[in-house]
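Chains, contacts and geometry: an overview
If you want the building blocks of each chain, they are given just below.
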Amino acid sequence: MKESVRTTVRQILTSYLEMNNHRKTPERYAILDAVYDTNGHFTLDELSEKLSEENNFPVSRATLYNTLKLFMELRLVIRHRFQGQTKYEACYDNNSHSHQICTVCGKVTEIKSPQVSETIANMHLKRFRKDGYSLYIYGICSSCQAKITRYKIKKKKDNQNKKNNESR
């Protein structure tokens, strides 16, 4: 993570905690650092594992959940619901992006789309200020598409062999 982003998100958290008379606990800062040291999407369990194993800083599931909820309110983290699975992502310096999601294997890939970003930036919405967007595009990835094709070819061959054996 860029040090400037780390400094900025820590300042946002510190300011919020001070203004609202909340404690500045080491857990909150450890979780924030772990979130911003993670590339891409992560689950609550993956974050917990990272804190325990890599950072040697285990925290309870409740602390993790409540802290991520706070980070979402501060717009430091965004929550995604991908095909029945909840994932999180650091979003301070990346509020707008698109995802392609395979409906077969569930693989999620972040994609850059300047055309979509430009279109949304140029949209004029009544009584609404845009802060960012997330776009989800569902389909079938190339790996799953290849598996489906191989399966269909194999099934067709099996049916041909069955017919040939029956006609003998």
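Residues numbered from 1 in each chain as written. Predicted model: local features only at pLDDT ≥ 70, side-chain atom pairs only at ≥ 80, totals over all residues. Heavy atoms only, no water.

1. Brief notes about the packing of helix H1 (residues 3-19) against helix H4 (residues 61-73)
Remark: H1 packs on H4, axes separated minimally by 11 Å, with the N-to-C direction vectors making an angle of 100°. Between H1 and H4, the angle falls in the class roughly perpendicular. Here Leu13, Tyr16 and Leu17 of H1 lie close against H4, whose contacting residues are Leu70, Phe71 and Glu73. Residues of the contact of H1 with H4, tallied by class, amount to five nonpolar, no polar and one charged. (Axes fitted to C-alpha atoms, helices over the stretch in contact; angles between N-to-C directions. Helix = DSSP H or I, 4+ residues; strand = E, 2+ residues; numbered from the N terminus. Parallel < 35°, antiparallel > 145°, perpendicular 65-115°, else oblique. Contact = heavy atoms within 4.5 Å. Nonpolar A, V, L, I, M, F, W, Y, C, P; charged D, E, K, R; others polar.)

2. Points about the pattern of salt bridges
The tally for this structure, following the rule as stated, stands at seven salt bridges. One salt bridge connects Arg6 with Asp33, and the closest N-O pair in it is separated by 3.0 Å. Separated by 27 residues along the polypeptide, Arg6 in helix H1 and Asp33 in helix H2 (residues 26-37) bring together distant segments of the chain. By relative accessible area, which is 14% here, Asp33 ends up buried. Across the pair Lys24 and Glu18 runs a salt bridge whose closest N-O atoms are separated by 2.7 Å. Judged by its relative accessible area of 45%, Lys24 is partly exposed. Through salt bridges with shared partners, one network takes in Arg6, Arg10, Asp33 and Asp37. (Salt bridge = Lys/Arg side-chain N within 4 Å of Asp/Glu carboxyl O. Buried < 20%, exposed > 50% of the residue type's maximum accessible area, 1.4 Å probe, protein only.)

3. Overview of the environment of Leu74
Mapped onto the secondary structure, Leu74 falls in the loop between H4 and strand S1 (77-82). Judged by relative accessible area, Leu74 falls into the buried class, the value being 18%. Separated by 82 residues in the primary sequence, Leu74 and Lys156 place their C-alpha atoms 55 Å from one another. Setting aside residues up to four positions removed in sequence, Leu74 forms contacts with Leu13 and Tyr16.

4. Considering the sheet that holds strand S4 (residues 108-111)
A sheet is described by the order of its strands in space; here three strands give the open sequence S4-S3-S5, paired in mixed fashion. Strands at the two margins of the open sheet, each flanked by one partner only, are S4 and strand S5 (133-139). Within the sheet, the average angular offset between the axes of one strand and its neighbour, ignoring direction, is 25°. Pairing between strand S3 (residues 96-102) and S4: four bridges, direction antiparallel. (Pairing = 2+ DSSP bridges.)

5. What about the nonpolar core?
Residues Val35, Leu47, Leu68 and Phe71 are the most contacted members of the largest nonpolar core, which totals 25 residues. Elements with a contribution of two residues or more to this core: H1, H2, helix H3 (44-54), H4 and strand S2 (85-90). For this core, the leading source of residues is H2, giving seven residues. Ignoring anything within four residues of it in the chain, the contact list for Val35 reads Phe42, Leu47, Leu68, Val77 and Ala90. (Core = buried A, V, L, I, M, F, W, Y, C linked by side-chain atoms within 4.5 Å.)

6. A few points about the pairing of S1
Pairing of S1 with S2, which is carried by six bridges, proceeds in the antiparallel orientation. In the sheet register, Phe82 faces S2, and the bridge partner there is Gln85. Between the end of S1 and the start of S2, which pair antiparallel, lie two residues, with Gln83 showing a positive phi angle near 45°.

7. Points about the side chain of His41
Tracing the sequence through the fold places His41 in the loop between H2 and H3. Among the polar contacts listed, one links the side chain of His41 to the side chain of Glu89, at a separation of 3.4 Å. Only 2.8 Å separates the side chain of His41 from the side chain of His99, close enough to count as a polar contact. Sequence-distant contacts of His41, that is, excluding residues within four places in its chain, are made with Glu46, His80, Phe82, Lys87, Tyr88, Glu89, His99, Val108 and Glu110. (Polar contact = N/O pair within 3.5 Å; in protein donor to acceptor, adjacent residues only side chain to side chain.)

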